[in-house]
Structure formats: C-alpha cells, structure tokens
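Residue strings, one per chain:
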Amino acid sequence: MPADERFAVRRDRARASVPRPLAATPAPSGVPLPDGLALRGRLATGARRPETPRGSGRGGPGSRTPRTGRGGGPRRTYERARRAWDRPLTAYYVILGSSLLITVLGLVMVYSASMIKALDISKPSTYFFGKQFLAAVIGGALMLLAARMPVKLHRALAYPILMVTVFLMVLVQVPGIGMSVNGNQNWLYLGGPFQLQPSEFGKLALILWGADLLARKQDKRLLTQWKHMLVPLVPVAFMLLGLIMLGGDMGTAIILTAILFGLLWLAGAPTRLFAGVLGAATAIAFLLIRTSPNRMSRLACMGVSEPDPEGGCWQAAHGIYALASGGWFGSGLGASVEKWGQLPEPHTDFIFAITGEELGLAGTLSVLALFAALGYAGIRVAGRTEDPFVRFAAGGVTTWITAQAVINIGAVLGLLPIAGVPLPLFSYGGSALLPTMFAVGLMIAFAREDPAAKAALAMRKPGVRWKTMRRRVKKRPSGER
C-alpha cells in the first residue's frame, strides 16, 4: 500500500476514536450518561447550570422554609381579630350568643339567689326559678319570632303595640284592677301567681313607634325642622311617662327618658334642642325626688359603706358587703351569706351583688363583658345600616339595654341611687324579660337584614359545612384508618 493511503487510513481511525459532544449525539431514552459526557454536553450546548444559594444543601440554613400562618406577635393577632370582627355575620352571632349567655347565667343566679326567699314564704326552693324559666321559654319563642319577622312587619306592629300598651297602663290606675307592689301601682293581676307590669312593654312600644315615626319623617326630609322632630314624639313620650309616674315607678321613667334621648340623638337633634329637653327632664326629675321622702332617702344612700343606726341604707350597705366578700373568684355557687335575709330583693334588683359574692370579681367582669359585647354589636347594627327605621330601632334598643344595665349595676356599686330597675335578661321578673327578649330578637332580625349578612346566609347550604370540614381518609382493606 502506498504511503499516502496508509496516512489517510490512520487519520480516519484517529478521528473516529474522538467522542462527539452531547448535543450532536443524543443518548437513547432511559440510558443515563456518564458524568463527564453529561458535563461536556451541557457546556457544548451552552446551557447554564442553575445557581445554588449558599447553605442550601442538606442540613444548611438555607434549606429551611419560613413558617407562615403561625405566631406573628400582637400585630398579627390584632389584624386577625379585626378581620374576624369585620365579617358580615359577626354582629348576628355576638347578639345571639351574648344574650343567650346572659339569660342562662341569669337563670342559674336566680335559682341560687331566690331559694332562701322561696323557703321563707313557705314555697319550694325552685318557686321563683320555675316562674323565671317559664318566662325564659316564652321569651325565647318571642325572640325567635321577632328574629324571623321582616322589617316591614315590625313597622306595621308599631302602632298596635303602642295602643295596647297605653290601654293596659290606663287599666293599672283603675281601682280594683291594678295592683300595688312595693309601693308602686304598676301591676295587673293575671290569675294565680302571675302578674304583669305594662310599663315594661312601654319601652318596646316607644322604640318601635318612635323609630317608625322618625323614619317616615326622614324620608320626607322633615327632621330639619324642630317642630317635626319634637311633635308628636315628645308629647307621646311624656304621656307614657305620666302614666308611669302615676304609679310611682321612678326607675322605669328614667329608662323611658333615656330611650327618648337616644331617639332624638339618632335623629340628629341640634345641641340646643337636645340640651333643652335634657334640662327640662332634669328639672322634672329633681322636683319629683324632692317631693318624695322615699326617693330622697335613696339618693342619700349613694356611696354608703354601712347602714344607719336606724336601719336606713340597709340594702345599699349589704350590697357592698356582698361584693366585698366575694373576692377574686367568689365563695362558690349557692354559698352566699347575704341572701339569708340580710340583703332585701337578692334575686331582683340586687342579683348582681349575689353574683359578685358567689362568683367573685371574675363572675361580675364576665357579666359586664357580655353586656359590653351586646351593646357594641347593637351600635354596629345601627351604624352600618342604610334603613332609617333599622337605625332608630336598633339604637333605641341598645340605649334601653345599656342604660338599664348601667343604672342597675351603678346602684349596686353605690355609684348611683337605687332606682328599682332589674338587670336586663338577668334579674328575676317575667314582665321585664319578655319585652327585652323580643327586643333582642328585633336586633337579630336587623343584623340578618344587612346585605352582606344576607349574602353570607344565602351561601350556607345544609350539610355543606359538615362535608367540607370532614377529614377525608381512605379506608384500608383491613378497616383501619
């Protein structure tokens, strides 16, 4: 073979022994390439190797993923609480839950505070509790009925409720029909152990009728004139106050006056008009207190720490004793000492004192927190609605419950005169419990009428929530999970 041909054959063999790049000779699928060839292929094709951050290897600090959704400190807790409160159904649940908790706790405390009183009058220990439980059942039905009624029906019932209430309050003053209890001629005898106090329904009647009246005038843009703001709201309220004061019930008259002021405030009464009505009411109240020795003695008992030698301020002083002996967590449910004849009316006006003695500061603060939640939710309902009737009615009910709770608790603490008003939803008394629970149902209906709440309620379907919250776990053939 010639020399030139031998050189060409050697050259071809040398070229054939050199490996080709990865991009030029793709490997068959499923066959891994050696490390060297894989690296040459990436370099030949121009592909860049992804950069790896320092410490991102196994066990390095960069391999840890930040935790989210847990912790976060006070700011995150505040943001979560704010978002939860801004949900459409928050007011609905707060009103329903707080009112039911107050009523249930009130039933427990009525039984504990009244058992000695019942035995003292030769009745079973559950005598007062049974009557209060029956009133709570009827009140629960009224609350459910009011919560399911549309707003238009509430407005339609405003005038009938007002007329029936005025008729019953007139009957109270008729000799032989009305009854006097503790010096107040404000009761109707219904037969058996049942009595009715129509003035308690006067609060609800004034709220519904006043809210409907002011809403119709606001729609016609008449509330900018003083005469339309005052007439006939103030004369009708003064008529109810006159019928109440004929029976001598100063406490209920104070609550009715607070409701009137609340309605005028929500209607946008000018400061001069509001101050004028407030000044007139204060002057009338001062005159009524000065002309009654009983009311003057109650005013003199503010802030006392011990009763007089002649027995004056006995109830106010022993209410303070009950609260002081409770301590942080109380003496225990049913272990009150003041209810054994020392504290008059332990299950009605001064049930908060027995609560402080048996449940301590923790129990009294819990009751205050429930009333604060109920009042704040009512303010939210009144502030977020665009319906003037809903705003006036919700504001009136919130004023009623809040003012009555403040007056009752203030009297027990010795900060206010003893007005003789029960603690709403808590004290013994069916006549006070029934209209109050209907008013709570009214606020629940208003909370449900909010457009966002309506949409949230419409999205809830029976069974969907349970199915979505169940943990889906496949069963093993052996039956184990």
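For the structure itself, look to the data block above.
Our subject in this report is the structure included herewith. (Residues numbered from 1 in each chain as written. Predicted model: local features only at pLDDT ≥ 70, side-chain atom pairs only at ≥ 80, totals over all residues. Heavy atoms only, no water.)

Attention shifts here to the state of the cysteines. Enumeration according to the criterion identifies 1 disulfide in this entry. There is a disulfide in this structure between Cys301 and Cys313, and the S-S distance comes to 2.1 Å. Taking the sign of the S-S torsion, -90 degrees for the link of Cys301 and Cys313, the bridge is left-handed. Linking Cys301 in the loop between helix H13 (293-300) and helix H14 (314-326) with Cys313 in the loop between H13 and H14, this pair joins segments that are 12 residues apart in sequence. (Disulfide = S-S within 2.5 Å. Helix = DSSP H or I, 4+ residues; strand = E, 2+ residues; numbered from the N terminus.)

On to the packing of helix H11 (residues 250-266) against helix H12 (residues 271-290), then. Following both chains from N to C, one finds H11 and H12 inclined at 175 degrees, their axes separated by 11 Å at the closest point. Compared by their axis directions, H11 and H12 come out roughly antiparallel. Where H11 approaches H12, its residues Met250, Thr257, Phe261, Leu264 and Trp265 are matched on the opposing element by Phe274, Val277, Leu278, Ala281, Ala285, Leu288 and Ile289. Of the residues that constitute the contact of H11 with H12, the class distribution is 11 nonpolar, 1 polar and no charged. (Axes fitted to C-alpha atoms, helices over the stretch in contact; angles between N-to-C directions. Parallel < 35°, antiparallel > 145°, perpendicular 65-115°, else oblique. Contact = heavy atoms within 4.5 Å. Nonpolar A, V, L, I, M, F, W, Y, C, P; charged D, E, K, R; others polar.)

Moving on, we get to the layout of surface pockets. Of the voids in this model, the second largest pocket is the one considered here, and its volume is about 650 Å³. Around the second largest pocket, the lining is made up of 26 residues, and of these Met250, Ala253, Ile254, Ala285 and Ile289 lie nearest the centre. Of all elements in the fold, only helix H10 (233-246), H11, H12 and H13 reach the threshold of two or more residues within the lining of the second largest pocket. Class assignment of the residues belonging to the lining of the second largest pocket gives a composition of 20 nonpolar, 4 polar and 2 charged. (1 Å grid on protein atoms, 1.4 Å probe; cavity = no way out; pocket = protein on both sides within 12 Å on 5 of 7 lines; lining within 4 Å. Points joined across faces, edges and corners; volume = space filled by probe spheres on them.)

Judged by side-chain polarity, Trp328, Phe329, Leu361, Leu365 and Leu368 come together as a nonpolar surface patch covering roughly 580 Å² of accessible area. Relative to the helices and strands, Trp328 is located in the loop between H14 and helix H15 (351-384). (Patch = residues over 30% accessible without salt bridge, like charges linked within 9 Å, V, L, I, M, F, W, Y side chains within 5 Å. Areas by Shrake-Rupley, 256 points an atom, 1.4 Å probe, with all protein chains shown as cover. Salt bridge = Lys/Arg side-chain N within 4 Å of Asp/Glu carboxyl O.)

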